[in-house]
Amino acid sequence: MPEAKKDTKKLDIEEHLFTFEQLMTHHKTSFDAAKPMQSKGLDAADAAKRLAEQGPNILSPPKKKLMIWLFIECLFNIFNALLLFCGIAGFIVYGIDPVGNGMVAVYMAIILIVVAFLNALIEFLQLLASEKALAGFMNMIPSKSQVVRNGNLQNLPAPDLVLGDVVFVRMGDKLPADIYVISATDFKVDNSSLTGEAEPQDRMPSNSMQSPLEATNLAFNGTLAVNGEAYGVVIRCGDNTVLGQIAGLTQNEHKAPSPMTIEINNFVATIGTVAITCMVMFFVIALVKTSNVSFSLNFAIGVLVAWVPQGLPATVTMLLTIAAKRMATRQVLVKDLRGVETLGAITLLATDKTGTLTRNQMTATNFWCGLKLYSAAVSSTNLPPGEIPFDFEGSGVSEILHISSLCSRARFDRTDIPIDQRVITGDATESGLFRFASQKLLDIDKLHDMYPKVFEIPFNSENKWAMAIHKKKHAEGPLTLLMKGAPERILRICTTILKDHKAIPMTKEHQDEFTTSYEYMAGKGHRVLAFAQLLLPGGEYPEDFAFTKDPKNYPSTGLTFVGLASLEDPPKHGVREAIGHCREAGIKIMMVTGDHPLTAEAIGRKINLMLSDTKELHAKKTGRQIESISEDEIHAIVIHGEKIDELSEADWDNIFSKEEIIFARTSPKHKLTIVKRAQSLGHIVGVTGDGVNDSPALKKADLGIAMNLSGSDVSKEAASMILLDDNFASTVRGVEEGRLIFANLKKSIQYTVTHTLPEVIPYLLWVIAPLPLMLTSLQILVVDLGFELLAALSYAWEPSESEALMKIPPRMPVNEESIAKLRKRRAEDAEDQGLDVAALHGHDAPEHVPTVGQKVKLFFKQIVSARYWKRKFEKKDGEVLVDGNSLSWAYLEFGAIEFIGCTTCFFAVLYSGTWEDGRQFYITPWDAWKMQSLNTSHFIEGLAPNYTTAHGNTVDSKMQANALAQGQSAYYFGLMIQQCFNMFVCKCKMTLPFGPYMFRNPASFYSVLLGGLFAAFIVYTPGVMSVFSTSGRLSPIYWLIGIGYGVFIIIYSSVRMLIMRCCIEGLQMHPTRLAASS
């Protein structure tokens, strides 16, 4: 890999490795690290010059398309383009022959254009919702900062900062830029939004880490100072800060279309190609046969309108909208409607740890005091070996609770409400200890009044302990020294240990027991603190003794060791169960965190995300060398972020072949790379997260899922979906809902396209046979946008046919065969575009996004290739939205049955229908063909010549027009009735179309009722009849024909399903495959 390319993967920061002198030279600034308040900083003139050269310290707004162009792109997608073409052509047809075509052509044109604009508007609003990813970043940057210039500390707008400025930051401030810390006093920053680390991080002038994100002398733009104060030199501003680079990653990423979007677009493209081909072909045929341009064009438009399912986009959008509203009641807020179905299709879920799997709240877990190991768990059952239930009377327990409360800066925000409702302010670790102590000590609110503090030394990175002296009387005097801190440091200054409520000399055995308990706690990935105290003798330290730091006049050795306490960021409730449900559903769960590998693995094992042994653990258990263990033996892996940049293609394949995966110490760019690599294998990737560092991956993923309560604004804006209750378990409910909506969408689309054949064939027979036109273009529109739309929407409330919806694999599983096929296809795509595969898919280079012109050129290049058509007809991997079964159902089987049924209705009316005076028409199919062959003006009122039927009955112009109107009404009504039966049949993929399941969705019956009323309104309402060429004289007796064919549809479907069950082995054992095949 070229070095330059490799460098683009790393953060562009190297100053953390500089000495003070190198830093001053590099940024041409001046400071005094020993006495930072006396630093000179930059002079005003130099700062102004740098500001002019470097630009302001702000994040650059992303380049955006003009809204009008965005809307135009939506308006001219292939589906809307077809509708617009038909609409414009309708106006042209009317312009050519206003009398012959009448206002019907105008009505049709207006409806088609309105539908196209509505479809475009819906898509446009969806795009706008996903284009707000910068506002959250801007909110993280403070407006003011304190800067040393010309030797003076002054307040300046944060955008005026330049490289080399010396800034002052204290507790409560947001960092205005990336800084190198030159002086610090108890300085801690909250990096959780950038790195995922739950605990505040110490920042100091010294550093031993190579990675800038782990460097202890760097503090980053947008993070919060939670303790102490510091001076630092600005080393990065604006877009070049870590925050700016994350914002850039987020803005530059393009989300791939959802699986459903791709499938629907492919289906529409196929239907559109067929429709246009038929339109052109039959326009030529009509023109040759009639030599009438107006008639031929009108006919061609009718063919096109019949082929295109106008209601499909509206159906899909409304079904997804209804599902999204239902998901909101289950605490899942959907921003991008296509995300509803995508959640059901995901094969891999990459989740952050802090705030997503865990609570981002440090909680006490164990105490070791009096040489006993206590559990802090509420329940005393099923405790691990060696742990005993918490006992307030135990030796050292009360002392640890008092030290946790008194030697701490954690406080309640208020005391007038119950303790469990109070918010604790302060350091996360101190807050965790204080929270536990407040639950055990009854006098927690009075503790500081009972034992006033007389002296304090806060925790600092040199001592690694915090100390406080309180007026707490004991037998030897009025004052007690309390201390907590790093276990090794505390143990080193202790000479006695508390046992049986007495201080006894510390022995080697005691130290060994300390080491065992310490390693046990730390081995679980917990943070461990030690506690000590010293009962100050009253003769040496009277109550009014004045303690000072300099000169030091307080004791710091000879303390009594009280015990240890461990804390963890505990998993959220329900996470373990949710991971189990995901495994049952065939979804691979992967942790991607900025935290330490040991901590990440410990949490992973606690929530059952990782059950198997890693190679290192397996080697330790078996005593084998790591090199001797083959990859086939191992099913779990933990990857450190430092290794990600060096991984080869084979390494990535090996990682994703594992069942249990954890990535630790990852940067935002690493997370993005992981998502891209998983997508390159064909995975439908979901990403959950709550921090700023998660936002690039959230945006790039097929589905980004952010947390509502703990999530940053940036993560929420980058995501497609938000968990309102921050409960990871809500994801499982979302997956179930996504799978259900896919199943229902598939049923709905199968139902919707079934009427295509009964709409297309009448137009073809009109010219080819020729026969009278059985269904007009306007009637086709009120089929597609009328009762069909109502019926299709009823599927939104359709319950699942199977209880095993979450126990079957994803519909597009990833395996070795699918990966090989995908790579071959992508190599072919890259070859077509003249690109490298990596460039095409953005592994190690900016992702290639083709222009509209390039897309069009590529389309025409591919469409004439054999490879394109081979792909169209090759067997698809997994289950797709519109498959061969659906097409056979709609275009060969049930579509043909419905056409025959509608045609029967049509000719039954032409023969036995009656005129106003009661005379019967007696027009047979042969008569209809003869009339249409002799003169295309037949059946047109005012133009049609009289005709004597084979029965000897003479029908004039008005009778012919009325007979046709009644016949078309019967055809229209017959289609509606048969589709009502088809709607119930399409529900059933695993059960026969009768029985209790048919009655579980009341919306089906409402849609039948409303559909019938709508059809009756079109056929029987005066005034409306003239617009849609229907006739109120249609007798309801002809409805029975449609009902009869509807019953036949149910019988045919039942026999078909029974035959397929017998022929396909094990079909009933696999509901999703049955759904694809029945």
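On a predicted model such as this, the values are computed, not experimentally measured, just so you know.

Caption draft 1: Structural context of the overall build of the chain. For the chain, the count of helices and strands is 41 helices and 29 strands. When the backbone C-alpha atoms are referred to their principal axes, the chain occupies close to 135 × 70 × 65 Å. Split by element, the accessible area of the chain, about 45300 Å² in all, is 60% carbon and sulfur. With 102 positive and 112 negative side-chain charges, the chain shows a separation of 2 Å between the mean positions of the two kinds.

Caption draft 2: Just helix α12 (residues 293–307), in detail. Over its 15 residues, α12 runs 21 Å from end to end, which matches the ideal 21 Å to within 8%, given 1.5 Å per residue. Of all the 15 residues making up α12, 12 are buried; the element is thus mostly covered by neighbouring parts of the structure. Within the span of α12, buried status applies to Ser 294, Phe 295, Ser 296, Phe 299, Ala 300, Ile 301, Gly 302, Val 303, Leu 304, Val 305, Ala 306 and Trp 307.

Caption draft 3: Fine view of the UniProt feature "transmembrane region" (unreviewed entry) in the chain. The UniProt record marks residues 68–96, 102–122, 267–287, 299–323, 763–783, 889–911, 1005–1025 and 1037–1059 with the feature "transmembrane region" (unreviewed entry), using the residue numbering of this structure. Helix makes up 62% of residues 763–783 and strand 0%. Its end C-alpha atoms lie 15 Å apart. Helix makes up 86% of residues 1005–1025 and strand 0%, whereas the separation of the span's terminal C-alpha atoms amounts to 26 Å.

Caption draft 4: View of the confidence of the model for the chain. Per-residue pLDDT for the chain averages 86, and the proportion of residues at 70 or more is 92%. Across residues 1–9, where pLDDT falls below 50, the model places 9 contacts with residues more than four positions away in sequence or in other chains. Contacts for the low-pLDDT stretch residues 1065–1078, under 50 throughout, to residues beyond four places or in other chains number 31 contacts.

Caption draft 5: Inspection of empty space enclosed by the protein at higher detail. Tallied over the entire structure, the rule returns 4 cavities of 30 Å³ or more. If you add up the space inside the second largest cavity, you get close to 70 Å³. Taken together, Ala 350, Thr 351, Asp 352, Val 592, Lys 671, Ile 674, Val 675, Val 687, Thr 688, Asp 694 and Ala 697 make up the full set of residues lining the second largest cavity. Taken together, the residues that form the lining of the second largest cavity break down as 6 nonpolar, 2 polar and 3 charged.

Caption draft 6: Summary view of the pattern of salt bridges. Scanning all chains against the criterion turns up 34 salt bridges. Ionic pairing is found between Glu 456 and Arg 409, a salt bridge with its closest N-O pair at 3.5 Å. Of this pair, Glu 456 sits in strand β15 (residues 453–457) while Arg 409 sits in the loop between α15 (397–406) and β13 (411–412), placing them 47 residues apart in sequence. Given the relative accessible area of 24%, Glu 456 is considered partly exposed. Judged by relative accessible area, which is 42%, Arg 409 ranks as partly exposed. The partner of Lys 746 in a salt bridge is Asp 883, with the nearest N and O atoms 2.8 Å apart.

Caption draft 7: Highlighting the domain arrangement of the chain. According to the domain assignment, the chain contains domain 1 (23–47 + 144–246), domain 2 (309–331 + 729–815 + 877–1070), domain 3 (345–358 + 573–726) and domain 4 (363–568). A C-alpha centroid distance of 47 Å is found between domain 2 and domain 3. Tallying the contact residues gives 18 residues for domain 2 and 21 residues for domain 3. With both sides pooled, the region where domain 2 packs onto domain 3 buries about 1500 Å², and carbon together with sulfur makes up 68% of that total. The largest per-residue losses of area from domain 2 upon contact with domain 3 belong to Gln 331, Thr 731 and Val 814, which jointly make up 33% of the total buried on that side. Ionic pairing is found between Arg 733 and Asp 725, a salt bridge with its closest N-O pair at 3.8 Å. For the pair domain 2 and domain 3, the interface holds 4 residue pairs in polar contact (both at pLDDT 80 or more). Of all elements in the fold, only α13 (312–328) and α28 (729–753) reach the threshold of two or more residues within the side of domain 2 that touches domain 3.

Caption draft 8: Geometry of the sheet that holds strand β9 (residues 348–351). Pairing within the open sheet is mixed, and its 8 strands lie in the order β8-β27-β26-β25-β9-β22-β24-β23. On the outer flanks of this sheet lie β8 (332–334) and β23 (636–640), each paired with one strand and no other. For this sheet, the mean angle separating the axes of adjacent strands, direction not counted, is 20°. Where strand β26 (residues 703–707) meets strand β27 (residues 721–723), 3 bridges bridge the pair, whose relative direction is parallel. Note that in β27 the partner of Met 707 across the bridge is Leu 723.

Caption draft 9: Here's a closer look at unusual backbone geometry. The omega torsion across Asp 550 and Pro 551 is 5°, close enough to zero to call that bond cis. With respect to the element layout, Pro 551 can be found in the loop between β20 (527–535) and β21 (559–568). Phi at Asp 186 takes a positive value of approximately 50°, unusual for a residue other than glycine. Along the chain, Asp 186 turns up in strand β4 (residues 178–190). For Asp 186, a relative accessible area of 15% gives the class buried. Not every positive phi belongs to a glycine, and Ser 1029 is a case in point at roughly 60°. Locating Ser 1029 in the fold gives a position in the loop between α39 (1024–1028) and α40 (1039–1063).

Caption draft 10: How the structure looks around the side chain of Ser 748. Checked against the element boundaries, Ser 748 lands in helix α28. The class of Ser 748 is buried, set by a relative accessible area of 0%. For Ser 748, the contacting residues outside a window of four places in its chain are Thr 315, Leu 319, Ala 792 and Tyr 795.

Caption draft 11: Expanded view of the packing of aromatic side chains. For the structure shown, the criterion picks out 37 aromatic pairs. Relative to Phe 436, the ring of Phe 390 has its centre 5.2 Å away and its plane inclined at 85°; by these criteria the two rings are edge-to-face. With Phe 390 in the loop between β12 (388–389) and α15 and Phe 436 in helix α16 (residues 428–440), this residue pair connects regions lying 46 residues apart in the sequence. The two residues Phe 390 and Phe 436 agree in class, both being buried. An angle of 5° between the planes, with centres 4.7 Å apart, marks the rings of Phe 973 and Trp 1039 as stacked.

About the thresholds
Residues numbered from 1 in each chain as written. Predicted model: local features only at pLDDT ≥ 70, side-chain atom pairs only at ≥ 80, totals over all residues. Heavy atoms only, no water. Helix = DSSP H or I, 4+ residues; strand = E, 2+ residues; numbered from the N terminus. Areas by Shrake-Rupley, 256 points an atom, 1.4 Å probe, with all protein chains shown as cover. Lys, Arg positive; Asp, Glu negative; His and termini not counted. Charge placed at Lys NZ, Arg CZ, Asp CG, Glu CD. Expected span 1.5 Å × (residues − 1). Buried < 20%, exposed > 50% of the residue type's maximum accessible area, 1.4 Å probe, protein only. UniProt positions renumbered as here; feature names shortened; annotations may be inferred. pLDDT = per-residue confidence, 0-100. Contact = heavy atoms within 4.5 Å. 1 Å grid on protein atoms, 1.4 Å probe; cavity = no way out; pocket = protein on both sides within 12 Å on 5 of 7 lines; lining within 4 Å. Points joined across faces, edges and corners; volume = space filled by probe spheres on them. Nonpolar A, V, L, I, M, F, W, Y, C, P; charged D, E, K, R; others polar. Salt bridge = Lys/Arg side-chain N within 4 Å of Asp/Glu carboxyl O. Domains from an automatic or database assignment. Buried area = accessible area lost by both parts, 1.4 Å probe. Polar contact = N/O pair within 3.5 Å; in protein donor to acceptor, adjacent residues only side chain to side chain. Pairing = 2+ DSSP bridges. Axes fitted to C-alpha atoms, helices over the stretch in contact; angles between N-to-C directions. Phe/Tyr/Trp six-rings, centres within 6.5 Å; stacked < 30°, edge-to-face > 60°.

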